[in-house]
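Examining the three-dimensional arrangement
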Amino acid sequence: MAELLVVPALLAYGEAAFAYAGELRGPGLAGRLATWGVRLGWLAQTALLVGQAASAEGFPWNTWAGSLNLFVWLVVGAYLIWGCTPRYRLLGLTVMPVAAALLALAWAGGGTAVEEGERSGAVLALHAALMLAGFAGLTLAAGMAALYLWQERRLKRHERGVLKVRVPPLEALDRLAARSVLGALVLLTLGIGVGAASFERGNFDAAMAVTLVVWATYTSLLVLRHEGWRGRRAAHLNLAGFALVAVVLSLTHFAS
Amino acid sequence: MSSLTLVGVSHHRAPIELRERVALDLDACRALAQQLARHLGGEAVVLSTCNRTELYLAREEDGEAEAVAAVMELAGDGAVELASALYRLRDEAAALHLFRVAAGLDSLVPGEGEILGQVRSAFEAGTPGPLLDRLFRQALHTGRRVRIETAIGESPASVPSAAAALAQQVFGELHGRRVLLLGAGKISEATARNLVSRGAEIAVVANRTLAHGDDLARKLGAQALALDAVAVELEHVDVVVSATSASGLVVSHATVAHALRVRKGRPLLLVDLAVPRDLDPAINELDGCFLYDVDDLRAVVEETLSGRRGEAASAERLVAEEAERFRVWHAARDIVPTIASLRALAEEIRDSELARAGGRLSERERRHVESVTSQILAKLLHLPTIRMKEAAAAADGVVYADVVRHLFGLGEEERRR
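Read on for a plain summary of the structure. Note that the structure is a prediction, hence the values are computed from the model and not measured. (Residues numbered from 1 in each chain as written. Chains lettered and ligands numbered in written order. Predicted model: local features only at pLDDT ≥ 70, side-chain atom pairs only at ≥ 80, totals over all residues.)

1. Considerations on helix H7 (residues 130-149) of chain B
Residues and elements named next belong to chain B. The test is simple: Helical segments are the DSSP runs of H or I of at least four residues, strand segments are the runs of E of at least two, and each set is numbered from the N terminus. Expected helix span is computed as 1.5 Å times (number of residues minus one). Three classes are used. A residue is buried when 20 or more other C-beta atoms lie within 10 Å of its own, exposed when 12 or fewer do, and partly exposed in between, with C-beta atoms placed from the backbone. To obtain the arc, one takes the directions from the helix axis to the C-beta atoms. The contact criterion used here is simple: two residues whose C-beta atoms, placed from the backbone, lie within 7 Å are in contact.
Compared with an ideal rise of 1.5 Å per residue, which puts 20 residues at 28 Å, H7 spans 28 Å between its outermost C-alpha atoms and is within 8% of the ideal. For H7, the full list of buried residues reads Leu 131, Leu 132, Leu 135, Phe 136, Gln 138, Ala 139, Thr 142, Gly 143 and Val 146. The buried side chains of H7 occupy one side of the element, clustering within an arc of 165° when seen end-on. In this structure, H7 carries Pro 130 and Ile 148 as exposed residues pointing more than 90 degrees from its buried face. As for H7, its buried residues are in contact with strand E1 (3-10), strand E2 (43-48), strand E3 (52-59), helix H5 (91-102), helix H6 (114-125) and helix H12 (294-357).

Written as structure tokens, this is what we have:
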């Protein structure tokens with residue numbers, strides 16, 4: 001029965017994605033409905049994950065679809081930290097459509113089923129959880145970078161309606177994106193460290209190589225910020241890094 | 001029963017030449033309200049702003065003629081011209097008008113916030129009684145409700161406030177943000193004050209005439225500089241507001257580009273309110289620079305005003321709701337004396353019957369009978385009271401009051417005396 005919880009979670013995320021689009025027309029009911037959609041959907045997905053964890057003997061999300069399910073939960077959870085405040089609500093416009101689409105994909109791939117899974121090692125589980133949490137943080141940072149570029153473009157073009165939509169201030173988006181990257185990098189570093197501890201020679205693959213490139217890219221981003229790489233340039237680099245994250249996730253989920 | 005009369009003149013029908021003839025300061029409003037209340041034996045409040053002068057009267061008889069005469073007297077020589085611009089409203093229409101005024105829906109800029117304070121001041125300076133007290137308190141409540149429940153007052157309504165809102169869109173909170181003012185004229189000052197009201201700090205005022213710049217700098221707690229010394233300041237400030245009367249560019253693309261190298265990616269908002277423009281339009285192409293000229297800001301204001309007009313529909317609904325509540329309350333006042341008389345009659349009968357039976361009852365029995373008869377009266381009169389109030393709200397109150405007075409002979413005793 002617990003696996004049916006994916007339906008309300010998906011519906012709530014989908015509702016939130018649509019309602020955030022309504023928020024573009026002006027702050028109000030649509031934004032509040034969206035926020036409640038995110039909260040209820042996340043609670044439903046949490047219950048689903050608890051059900052999966054309770055039924056499985058080990059780490060239940062070691063398939064590509066399962067880890068995608070966990071990844072979506074982490075992304076939405078990270079978003080909820082800021083997303084509930086009216087000022088940052090519009091961030092959901094970049095996060096929730098992606099979350100809804102990925103959860104639907106995880107469902108289609110069987111990642112939301114509740115069944116007895118094969119036992120997996122604790123080290124592998126820790127490695128996967130840390131990596132997924134890190135990638136979730138980077139996804140959130142990419143959402144902020146996308147919102148930054150959208151609003152910056154509107155300000156540069158002197159759009160008449162630039163003040164009609166309640167978007168977070170540019171500086172705040174830039175700062176929060178950098179903080180998200182920093183937090184995600186810590187998790188990624190730990191995840192890579194845990195993975196390296198159980199690494200066997202000859203197992204180095206493309207996903208690992210791209211993961212290291214991701215790590216280097218985001219580390220460069222933080223270093224370059226100190227040299228004045230802020231705003232638009234930082235947002236572009238952030239999105240470029242996220243493109244690599246998408247490659248890693250594709251490689252680990254679909255190619256393995 | 002008191003009826004409400006409003007006589008006034010506003011920007012809708014009267015040009016400024018007429019409005020300034022009847023404009024009053026708060027002391028004059030207070031004096032006129034006291035004079036009208038004393039002379040007419042009722043209640044009076046006078047509201048006078050740059051857009052309107054309105055007299056609100058409440059008294060037993062119609063007070064319109066006296067109110068018109070008072071406004072005409074204020075107009076002096078312009079009384080003839082004023083006559084065609086005057087509006088006269090009664091009871092519910094007058095209440096609805098005041099609620100719209102308090103909500104900012106009758107203002108030049110829909111939703112402007114200043115009017116609510118002006119209505120409060122007029123009320124406090126007036127001579128209200130039960131009717132005007134209720135009317136103005138509900139008007140203030142309506143004004144607050146509209147601003148809380150709709151977004152009509154949220155967006156900027158002027159060029160200086162649009163500039164400040166843009167600064168918040170770039171930086172968020174403006175506390176501690178440094179502003180450089182180029183030019184020391186009224187436009188610079190108005191924009192500076194708007195930024196200061198949101199927490200920004202005016203760091204430097206640069207002007208061609210250093211003495212003028214020095215005056216404004218002192219007022220704003222800033223440092224005064226000559227215009228040709230601003231290049232270094234561009235490295236440290238967050239917002240530049242320019243409104244000089246220079247005929248050519250005051251800040252070039254190259255100057256800002258040079259400053260950006262030192263700023264390490266910190267954004268810079270530049271607001272050019274001068275015509276001809278002070279700041280090189282190419283500055284907007286620089287990474288991290290946002291340059292707005294006066295036309296850009298006007299377009300933003302127009303757009304937000306259209307948003308305010310959109311919100312006005314929601315605000316009108318709230319105002320109509322409050323006006324209906326006032327109408328129900330006002331109408332119920334017609335029926336209140338009848339209800340009071342009916343209850344007094346019932347109490348009188350109960351008291352006299354209790355007095356007649358009093359000698360035959362013990363103390364305990366008397367208390368018991370008193371309690372029972374009191375409950376019977378309350379239950380018996382509850383439904384008629386509710387129905388009469390409902391009838392009053394539906395405009396049948398007077399008919400119901402007459403019927404009840406006739407059936408129960410209310411007031412006949414007094415008439416016989």
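Now, onward.
2. Concerning the sheet that holds E1 of chain B
Residues and elements named next belong to chain B. In plain terms, the rule: A strand pair is defined by DSSP finding two or more bridges across the two strands. Axes, fitted as lines to C-alpha atoms, cover a helix only where it is in contact. Angles between the N-to-C directions of the axes lie from 0 to 180 degrees.
Ordered in space as E2-E3-E1-E4, the 4 strands form an open sheet in which the pairing is antiparallel. Among the strands making up the open sheet, the edge pair consists of E2 and strand E4 (87-90). Across the sheet, the axes of successive neighbouring strands diverge by a mean angle of 15°, strand direction being ignored. The strands touched by helix H3 (residues 64-75) within the sheet are E1, E3 and E4, with E1 carrying the most contacts at an inclination of about 25°.

3. Some words on unusual backbone geometry
With omega at 0°, the peptide bond leading from Val 275 of chain B into Pro 276 of chain B counts as cis. With respect to the helices, strands and loops of the structure, Pro 276 of chain B is situated in the loop between strand E9 (268-272) and strand E10 (289-293). Even without a glycine there, the phi angle at His 158 of chain A is positive, about 55°. The class of His 158 of chain A is partly exposed, set by 18 C-beta atoms lying within 10 Å. The residue Asp 91 of chain B is not glycine, and still its phi comes out positive at about 35°. Its place among the elements puts Asp 91 of chain B in helix H5. A count of 18 C-beta atoms within 10 Å places Asp 91 of chain B in the partly exposed class.

4. Here we look at the sheet that holds strand E5 (residues 178-182) of chain B
Residues and elements named next belong to chain B. Spatially, 6 strands are ordered E7-E6-E5-E8-E9-E10 in an open sheet, and the strand pairing comes out parallel. Since the sheet does not close on itself, it has two edges, and those belong to strand E7 (223-226) and E10, each with one partner. With strand direction ignored, the average angle separating the axes of adjacent strands in the sheet is 20°. In terms of strand pairing, E5 meets strand E6 (residues 201-207) through 5 bridges, oriented parallel. Note that in E6 the partner of Leu 180 across the bridge is Val 204. Contacts between helix H10 (residues 210-220) and the sheet are confined to E6 and E7, with E6 contributing the most and set at about 170° to the helix. Along the sheet, H12 makes contact with E9 and E10, crossing E10 at roughly 80°.

5. Details of the packing of helix H8 (residues 159-171) of chain B against helix H9 (residues 186-197) of chain B
All names here are of chain B. Spelled out, the test is: The labels follow the angle: roughly parallel below 35 degrees, roughly antiparallel above 145, roughly perpendicular from 65 to 115, and oblique for the rest. Crossings are assigned a handedness: left-handed for a near helix turned anticlockwise from the far helix by less than a right angle, right-handed for a clockwise turn. Here the term charged refers only to Asp, Glu, Lys and Arg, the term nonpolar to Ala, Val, Leu, Ile, Met, Phe, Trp, Tyr, Cys and Pro, and the term polar to all other amino acids, Gly among them.
Where H8 meets H9, the closest approach of the two axes is 8 Å, and the angle between their N-to-C directions is 40°. Relative to H9, H8 is oriented oblique. Once H8 is placed against H9, the crossing between them reads as right-handed. From H8, Pro 160, Ser 161, Ala 163, Ala 164 and Ala 167 reach across to H9, where they touch Ala 190, Thr 191, Asn 194 and Leu 195. A breakdown of the residues in the contact of H8 with H9 according to their chemical character gives 6 nonpolar, 3 polar and no charged.

6. Re the interface of chain B and chain A
If you look at the interface, chain B gives 23 residues, while chain A gives 20 residues. At the level of secondary structure, the elements contributing two or more residues to the side of chain B that touches chain A comprise H8, E10 and H12 of chain B. Per-element tally for the side of chain B that touches chain A: the top contributor is H12 of chain B, with 6 residues. Counted by class, the side of chain B that touches chain A contains 10 nonpolar, 9 polar and 4 charged residues.

7. Points about the pairing of strand E8 (residues 239-242) of chain B
All names here are of chain B. Neither face of E8 is exposed, since Val 239 and Val 241 on one face and Val 240 and Ser 242 on the opposite face are all buried. In this sheet, E8 lies alongside E5 in parallel orientation, the contact comprising 4 bridges. Looking at the pairing, Leu 182 lines up with Ser 242 of E8. Bridging between E8 and E9 involves 4 bridges; their strand directions are parallel. The residue of E9 that forms the bridge with Val 240 is Leu 270.

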